[in-house]
Structure formats: C-alpha cells, structure tokens
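Understanding the architecture of this molecule
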Amino acid sequence: MKQTMTAKIISEHLVSGKMTAGEEIGIRIDQTLTQDSTGTMAYLQLEAMNIPRVKTKLSVAYIDHNTLQTGYENADDHLYIQTVAAKHGIVFSKPGNGICHQVNLERFGRPGWTLLGSDSHTPTGGGIGMLAIGAGGLDVAVAMAGGAYYLKMPKVCRVELKGKLPAWVSGKDIILELLRRLTVKGGTGRVFEYTGEGAASLSVPERATITNMGAELGATTSLFASDEKTREFLAAQGREDAWIPLAPDEGVVYDETVVIDLSELKPLVAKPHSPDNVSPAAELGDIELDQVAIGSCTNSSYLDLLKVAKILEGKQVHPRVSLVIAPGSRQVLGMLSDCGALSILLRAGARILECACGPCIGMGQSPKSGGVSLRTFNRNFEGRSGTPDAKVYLASPEVAAVSAITGRITDPYTYGEPPVVAMPQQFISDDNLLVFPPEAGQAITVVRGPNIKPFPLAKPPAETLTGQALLKVGDNITTDHIMPSHASLLPYRSNIPHLARYCFSGVDASFPERALAQGGGLIVAGNNYGQGSSREHAALAPLYLGIKAVIAQSFARIHRANLINFGILPLLFADAADYEGIHLDDKLEIGGLRSQLQTADTLLVSNLTTGREIAVKWEATERERAIILAGGLLNYTRNAGGVTHA
Ligand code: MIC
Ligand code: SF4
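What you are looking at is a predicted structure, and each value in this text was computed from that prediction instead of being measured.

1. Brief notes about the sheet that holds strand β1 (residues 14–16)
Strand order across the open sheet formed by 3 strands is β1-β2-β8, with antiparallel pairing between neighbours. Both outer strands of the open sheet, β1 and β8 (149–152), are each paired with one neighbouring strand and no more. Taking the axes of each pair of neighbouring strands and ignoring which way they run, one obtains an average angle of 45° across the sheet. Looking at chain direction, β1 and strand β2 (residues 24–27) are connected through 2 bridges and run antiparallel. By the bridge assignment, serine 16 is partnered in β2 with glycine 26.

2. Overview of the nonpolar core
Counting residues in hydrophobic clusters, the biggest one holds 103 residues, and the most contacted among them are Phe504, Phe511 and Tyr529. For this core, the element with the highest residue contribution is helix α5 (residues 137–144), accounting for 6 residues. Leave out the neighbours within four places in its chain, and phenylalanine 511 touches Leu470, Leu471, Cys503, Phe504, Ile523, Leu545 and Ile547.

3. Quick word on the layout of surface pockets
Estimated volume of the largest pocket: approximately 760 Å³. Taken together, the elements giving at least two residues each to the lining of the largest pocket come down to β8, α18 (557–565), β24 (569–573) and α20 (622–630). Looking at which element gives the most residues to the lining of the largest pocket, the answer is α18, with 5 residues. Taken together, the residues of the lining of the largest pocket break down into 13 nonpolar, 8 polar and 12 charged. Along the wall of the second largest pocket there are 26 residues; nearest its centre are Leu165, Val169, Glu206, Lys307 and Val421. Of the residues assigned to the lining of the second largest pocket, the class counts are 15 nonpolar, 4 polar and 7 charged.

4. Considering the packing of aromatic side chains
Each aromatic ring pair is specified by the distance between its two centres and by the angle formed by the two planes. Here the structure, examined in full by the defined rule, presents 5 aromatic pairs. Seen from their ring centres, tyrosine 529 and phenylalanine 555 are 6.1 Å apart, and the 85° between their planes marks the pair as edge-to-face. Of this pair, tyrosine 529 sits in the loop between β22 (521–524) and α17 (537–544) while phenylalanine 555 sits in the loop between β23 (547–552) and α18; the two residues are 26 residues apart in sequence, bridging distant segments of the chain. Both residues of the pair, tyrosine 529 and phenylalanine 555, count as buried.

5. Here we look at the site of ligand 1
Around ligand 1 lies a shell of 14 residues, among which Ser37, Asp119, Ser120, Ser534 and Arg535 are the nearest. The separation between an oxygen atom of ligand 1 and a polar side-chain atom of glutamine 35 is 3.2 Å. Taking aspartate 119, its side chain carries an N or O atom lying 2.7 Å from an oxygen atom of ligand 1. Calculation on ligand 1 without its partners gives an accessible area of 330 Å², and the protein chains cover 97% of this total. Broken down by class, the residue content of the shell around ligand 1 amounts to 1 nonpolar, 8 polar and 5 charged.

6. Digging into the site of ligand 2
Taken together, His65, His101, Asp119, His121, Ser296, Cys297, Cys357, Cys360, Ile361, Asn378 and Arg384 make up the full set of residues near ligand 2. Along the lines of polarity and charge, the residues of the shell around ligand 2 split into 4 nonpolar, 5 polar and 2 charged.

7. Topic: the pairing of strand β27 (residues 613–617)
Burial of the side chains of β27 is restricted to one face: Ile614 and Val616 are buried, whereas none of Glu613, Ala615 and Lys617 on the reverse face is. Alignment of β24 against β27, held across 2 bridges, turns out to be antiparallel. Bridge pairing in β27 links leucine 572 to lysine 617. As defined by bridge partners, strand β26 (residues 602–607) adjoins β27 across 5 bridges and the pair is classed as antiparallel. Considered in β27, the bridge of leucine 603 is made with valine 616. Linking β26 back to β27 in an antiparallel pair, the connection comprises 5 residues, with glycine 611 at a positive phi of about 80°.

Conventions used here
Residues numbered from 1 in each chain as written. Chains lettered and ligands numbered in written order. Predicted model: local features only at pLDDT ≥ 70, side-chain atom pairs only at ≥ 80, totals over all residues. Heavy atoms only, no water. Pairing = 2+ DSSP bridges. Helix = DSSP H or I, 4+ residues; strand = E, 2+ residues; numbered from the N terminus. Axes fitted to C-alpha atoms, helices over the stretch in contact; angles between N-to-C directions. Core = buried A, V, L, I, M, F, W, Y, C linked by side-chain atoms within 4.5 Å. Buried < 20%, exposed > 50% of the residue type's maximum accessible area, 1.4 Å probe, protein only. Contact = heavy atoms within 4.5 Å. 1 Å grid on protein atoms, 1.4 Å probe; cavity = no way out; pocket = protein on both sides within 12 Å on 5 of 7 lines; lining within 4 Å. Points joined across faces, edges and corners; volume = space filled by probe spheres on them. Nonpolar A, V, L, I, M, F, W, Y, C, P; charged D, E, K, R; others polar. Phe/Tyr/Trp six-rings, centres within 6.5 Å; stacked < 30°, edge-to-face > 60°. Near = heavy atom within 4 Å. Polar contact = N/O pair within 3.5 Å; in protein donor to acceptor, adjacent residues only side chain to side chain. Areas by Shrake-Rupley, 256 points an atom, 1.4 Å probe, with all protein chains shown as cover.

Below is the structure:
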C-alpha cells in the first residue's frame with residue numbers, strides 16, 4: 001500500500017492501535033528532549049517512576065528558557081536538571097548552548113526517528129524528516145522510562161508548494177499564509193506534509209521555520225521529506241551518517257490537500273494578538289516600532305541571521321528602535337563571529353543577547369508600556385512579552401531587519417535587492433557546552449536546592465462532582481492565559497503553590513482566591529481551550545486550586561492530554577449552544593460519576609442554579625478513562641506496577 005511519510009514512520013514505531021485517523025495509537029519514542037521550564041517537573045516525575053537509566057536511544061536536557069538568573073531559583077533548577085540528567089543517562093546542554101529546537105536540529109535530529117519533547121515547538125525536527133511531537137512533561141518522562149506515547153492517529157494533510165518564492169519572501173511567509181488560511185485551530189488532529197517543487201527548493205532552516213510554526217496551527221506535527229538538501233545539511237553538521245531518505249510514495253492519497261503557489265506570496269505579518277491574524281506587510285498602514293526582536297526557535301538560524309547582517313551592512317538601526325538579536329545556538333553565534341557578520345550587526349546598533357529563548361517568553365527585553373514590537377518569533381499572545389499592553393507583530397527576518405532601519409513595519413520589496421546567502425559547506429560545532437552522562441553505575445548525587453518543591457498529585461474522582469463555574473472564558477484561550485510565563489514567574493516552574501496564585505491572572509486575578517475559598521470547582525470555555533504551549537503547569541496550577549473539570553467547546557491537543565494526565569476531566573458541550581446556559585458562579589453537579597466515567601460517552605450536568613440539565617461528551621479512550629479513574633497518569637502508572645515498555 002502507498003504510504004505518506006507520516007504513515008511510514010508511525011508504522012515502524014507502532015506498538016498499539018490501528019492507523020485509522022481518530023483512533024488511539026501508541027508509538028515507540030526514539031529520542032526525547034526537555035527544556036528547563038518544563039524539564040524540572042518532567043524529571044521529578046521521572047524520578048517518581050524509579051527508573052535507573054532512560055530507555056530511549058537518546059535523551060537530551062536543554063537549558064534555554066530560564067537563563068535570566070536574577071535570584072537563586074533558575075540556577076537551582078539548572079543544577080537539579082544537570083545532576084538528574086547525569087544520573088539517568090541523559091545528555092545535558094548547558095545554558096548558553098542555545099535553544100533546544102535549534103540545537104537539536106543541528107546536533108541530534110535524525111530523519112525517520114520519533115522525537116517527543118516537553119515543548120510545543122518540538123515539531124521543528126520535522127524540517128529534517130523526523131516525526132517530532134510536543135507533549136506534556138509527564139508524557140515525556142514516561143517515554144524516557146521506555147513507555148509508548150499515545151495519541152490519536154492524525155489525518156495527514158498534504159501542503160503542496162508550487163512555484164518559486166519571489167524576492168524578499170521566505171519560509172516564515174509560507175507558514176503565516178497557512179495560518180491566515182487555516183487559523184490557530186485549523187491544524188488540530190492533523191500532520192502537515194510539505195511536498196512539491198517549492199518544498200524541495202527550501203533550505204533546511206526554512207523548512208524548520210515552517211514545521212516549528214505548525215504548532216501555531218494546533219497540528220500534531222509537520223514533515224518535510226529527507227532529501228539531498230537534508231543530506232547536505234547533516235553532512236555540513238558532520239552527521240551524514242544520520243541521514244536516511246524519506247519521501248511519500250508516488251501517488252499516495254492524502255486525507256486533505258492545500259495548495260500554495262509560492263510565486264503569489266508576499267511578505268506577511270501577524271498582527272496582535274494571534275499568529276493567525278495575518279496581513280501583507282504592505283497593507284498594514286504606518287506602524288511605528290519601538291523594538292525589533294530577531295531570534296527564537298522559529299528564525300534564529302545561521303542563514304536567517306546572515307540575511308539580517310547583509311541587510312544591516314553599513315546601515316544604522318532607527319534611533320527610536322531597540323534592535324535585539326538572540327542567535328539560536330552557540331554554533332550560529334560562533335559562525336556569525338567567524339565570518340564578520342557579528343561586527344556588522346554590532347556596528348548597525350544591534351544588542352546581542354544570549355543564545356536562548358529570551359524575549360520570546362518574556363525573559364527580558366519587555367517593551368515599554370504600550371510599546372510596539374516586531375518579532376521573528378512564533379507567538380504574539382497578549383502579555384507574553386512581559387508588558388501587558390504591548391503590541392507584538394510577527395514577521396520574517398527580512399521584514400524585521402528592514403523595519404529596524406526604517407523604524408516602522410516595512411515591506412522590504414520597496415527596499416532594493418534582497419540578500420543572497422548560501423548554506424555553508426561545513427558548520428563549526430565544538431559541542432563544548434554539551435555534557436555527556438557518565439557510564440551507568442556511578443554514584444551521582446542529585447542536587448535539590450530550595451526552589452525544588454514536590455508537585456501536587458491528583459486524586460481519583462469521587463462519585464459525585466459538585467462545584468461552581470469559577471471561570472467562564474471564550475475561544476482560543478492560550479496556556480499563557482491559564483498560567484502566564486515571564487521573567488518573574490518562570491523561576492517558579494517547580495513551585496506550583498507559588499505559581500497557582502497567578503493562574504489566569506491576566507483574565508481574572510480573583511480566580512485563585514475564589515477557587516481556594518470554594519474548595520475548587522469547574523471552568524467553562526469556548527473553542528480551542530489551552531492552545532499554545534505544552535506547559536503542564538496550565539493543568540497543575542488548576543489542579544492545585546481544586547479544579548475538577550473543564551467544560552469546553554473544544555480543546556487543544558497537548559492541553560487536553562495534560563488535563564487527563566493530572567486527573568482533570570476535559571468535557572465537551574454536546575450542544576455548543578449550551579455554553580450560553582452556564583453563567584459564572586452557577587452551581588454544577590455530575591452524579592454517578594465514577595461508574596459513568598468507565599463506559600459512558602455522554603454525562604449529564606445538572607445546573608443547580610438554573611435548574612437546567614445539559615449533556616456533555618466524555619469522548620475518551622479506554623486508557624484515558626483508566627487514567628482519570630486512577631487520579632492521573634502517575635497513579636495509573638504506579639497501579640500498573642510501572643511503565644509498560646514499548
Ligand atoms: C512557549 O513557547 O510557550 C514555551 C515557553 O516554549 C512552552 C513551554 C513552556 O511553557 O515551558 C511551549 O511552547 O511548550
Ligand atoms: Fe523558546 Fe520561544 Fe521557542 Fe518557546 S517558542 S521554545 S519560548 S524560543
């Protein structure tokens with residue numbers, strides 16, 4: 001039978017289930033990655049599983065998010081991760097080595113392998129033909145312990161890229177175009193496979209920009225073929241042995257097809273406050289900028305920054321604008337330095353930041369109040385920059401560099417000839433900031449500073465669920481709304497009691513206090529609840545506050561899995577219109593819960609305040625039912641006597 005690339009990789013890794021779209025499948029995971037803001041929790045969970053060494057072919061722990069060390073907390077977490085990684089046979093990437101997705105692509109990614117990462121942008125690896133999926137830290141911990149990763153078999157959507165990119169248009173514009181067409185929920189339950197002459201013509205970094213931002217579509221992951229360009233990229237990284245060919249079978253039938261004619265694309269910009277709010281740069285009107293930020297796991301490759309340097313050569317950053325540049329990895333920074341591009345950037349007036357996530361997650365460089373920032377990043381959710389009323393626009397490095405000079409969002413088309421850059425024959429990589437784990441059997445003390453706190457454990461549900469609707473929110477609520485993350489909160493990712501005080505702080509600051517006073521309750525939401533990050537904290541903080549269920553019109557994939565993993569029920573309105581029938585503070589009750597959770601697909605919720613009864617869907621697999629009944633994935637794993645090996 002003819003197969004897509006997705007089907008080829010999944011069938012080689014399948015441990016349970018049928019490969020029919022929508023059915024639950026379990027797959028073996030070859031490689032895992034964690035980063036520090038989700039990693040602390042993931043490793044505490046791995047420790048709770050009592051596994052001496054990881055069972056994957058390779059696991060890497062990156063430090064890239066929490067690198068502003070304004071107190072002891074982040075450094076405590078780094079040392080905990082470093083020592084726990086050494087103990088369990090995990091490679092440790094020190095702070096300063098770069099952003100997990102960029103470094104993983106350069107140094108560890110392999111076409112045809114599966115990668116599970118505790119970060120939603122793990123699909124970056126799809127740029128070299130890796131089936132790379134983002135998940136909550138607990139799912140990644142289970143994979144490190146040798147367990148399968150369970151997901152719904154996605155639909156496979158072909159994105160046919162026709163023609164050639166015009167001058168000044170690049171990979172970022174392709175994914176922004178897809179976001180414009182399909183929106184932030186358009187990719188739910190899907191893998192996007194990029195094919196056609198346009199896909200073949202893109203460089204690996206451009207492919208990785210596209211697969212990275214597939215996360216913004218809500219996609220399970222995205223894939224490019226592993227072709228000659230991939231082989232050349234891996235060879236230039238000194239890793240040609242990692243290359244295998246991967247392509248869809250000729251004539252394979254896809255579940256869906258989208259066609260993009262590259263020659264018709266223009267430089268695009270996503271406007272505040274959503275990555276799908278996209279317009280051509282030329283049609284935005286006159287938007288004055290206070291800041292331009294170049295970097296993040298989306299656009300911080302050597303080729304991206306070389307283009308920026310060529311545009312800025314001999315020019316000056318506009319007096320009003322602060323231009324900040326965070327190279328994606330030490331390899332990128334080293335190469336910019338060696339070829340002289342770094343001096344060009346400095347002379348033009350750029351502020352060079354550490355190779356880390358930095359401003360993308362509000363770790364420094366928050367704009368002025370009401371400030372306007374143009375960024376090459378992937379997310380522009382309200383408040384994410386650390387400045388609640390800032391306006392963040394997203395665009396390609398080309399648009400960002402030209403706009404840094406003009407001081408306003410500028411279509412670079414008006415700017416002259418585009419920069420021409422070529423893929424280097426050889427990347428430099430010294431790997432000095434990678435710490436490889438010692439052989440098994442050595443005595444290693446895991447160091448836990450005062451910032452490391454135990455995490456809350458869910459309890460099996462009671463027979464009757466009663467509680468108030470403590471919060472009612474609309475569509476597309478992000479994990480940044482649920483559990484905000486910026487320089488002052490990120491250091492507490494291993495301290496849930498502290499974090500929980502800020503749960504939903506930008507939406508309704510009284511929520512944590514009300515939830516604790518009521519002994520918990522429920523949340524009511526619209527479509528695509530929990531989009532964005534993989535952070536489990538968006539489930540753990542509500543769990544700590546006593547939230548027992550979320551009733552929504554639909555959920556984002558990773559967040560739904562996180563809710564189940566931490567024993568919170570994700571329920572769907574059977575009739576979307578019933579959303580209107582629940583008001584803030586209404587008292588809700590679900591009777592006969594435990595027995596129904598086992599088999600029922602529909603549950604009845606009594607609104608004790610209005611006297612109405614509504615139906616909610618409990619569309620769960622057998623495994624998910626068992627996890628909820630056990631009170632979360634850790635309890636479930638313990639009851640099963642440990643992780644069952646894939
Ligand atoms: C993000 O971009 O939102 C993050 C910060 O990388 C998150 C992970 C986290 O919250 O720690 C993600 O994308 O999963
Ligand atoms: Fe880091 Fe931003 Fe990428 Fe998240 S999206 S991994 S914060 S660079």
